[in-house]
Amino acid sequence: MPMEEHHHDLTDDVGERRGFLGAMATAMMAGGLIGGYGTFATYAGRFLYPSGGDKTSWQFLATVDQLKIGSSIPFETPVGSKVVVARQSEGSTAEDFIALSSVCPHLGCAVHWESQNNRFFCPCHNGAFDASGKATEGPPAAANQSLKRFPLMVENGLLFIKVPTESVRGTREA
Ligand code: FES
């Protein structure tokens, strides 16, 4: 019937308009995402080629949920550096975690996280470090040594660590 046809025409017209607006919204969102990725690429470029010459990159560590508060996980960087990553608080940002070298600056023993004492501990000569890696007891404290810290980043519930991937000196780090 003519009335029904007219009604259908209107519906199609509105549908087309909605489709067009939807396409515009999608295009604008895509533009925003591309802009976001562009920013990320700029940062990634900076991380991959920092001013010092050594190459670094972000490496996946774990999902945020995998690392419970008080627990820690070991990690070895591509150039052989040993790292311990500990979760120190409940939140889900990079500030709730810490990544430190697990190699004691005294004589190179393995340092581990003690959540009950809120410190990193080296059993070789009772060296202790506070939650930020600053030496507080034993030979490392006497020599005012700290554990090397690595930057962390959380993206979409995933935890990443920024580590050297290649040394210009061609030597593997301790
Ligand atoms: S090696 Fe760690 S305190 Fe001596």
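As a reminder, the structure under discussion sits directly above these lines.
Source: prediction; values computed, not measured. (Residues numbered from 1 in each chain as written. Predicted model: local features only at pLDDT ≥ 70, side-chain atom pairs only at ≥ 80, totals over all residues. Heavy atoms only, no water.)

Visitor: Please explain the state of the cysteines as it appears in this structure.
Guide: As used in these notes, a disulfide is a covalent bond between sulfur atoms, one from each of two cysteines. Counted under the stated rule, the structure contains one disulfide. Disulfide pairing is shown between C109 and C124; the S-S distance is 1.9 Å. Disulfide C109 to C124: torsion about the S-S bond roughly -90°, handedness left-handed. Of this pair, C109 sits in the loop between β4 (97-101) and β5 (112-114) while C124 sits in the loop between β6 (119-122) and β7 (127-129), and the two are 15 residues apart along the sequence. Residue C109 is classed as partly exposed on the basis of its relative accessible area, which comes to 21%. (Disulfide = S-S within 2.5 Å. Helix = DSSP H or I, 4+ residues; strand = E, 2+ residues; numbered from the N terminus. Buried < 20%, exposed > 50% of the residue type's maximum accessible area, 1.4 Å probe, protein only.)

Visitor: Just checking my understanding: could you explain the sheet that holds strand β9 (residues 149-150) for this structure?
Guide: Working definition: the strands of a sheet are paired by backbone hydrogen bonds and lie parallel or antiparallel to each other. Strand order across the open sheet formed by four strands is β2-β3-β4-β9, with antiparallel pairing between neighbours. Looking at the sheet topology across the chains shown, the edges are occupied by β2 (72-76) and β9. Relative to β9, β4 runs antiparallel, the two being bridged by two bridges. Counterpart to A99 in the pairing with β9 is F150. (Pairing = 2+ DSSP bridges.)

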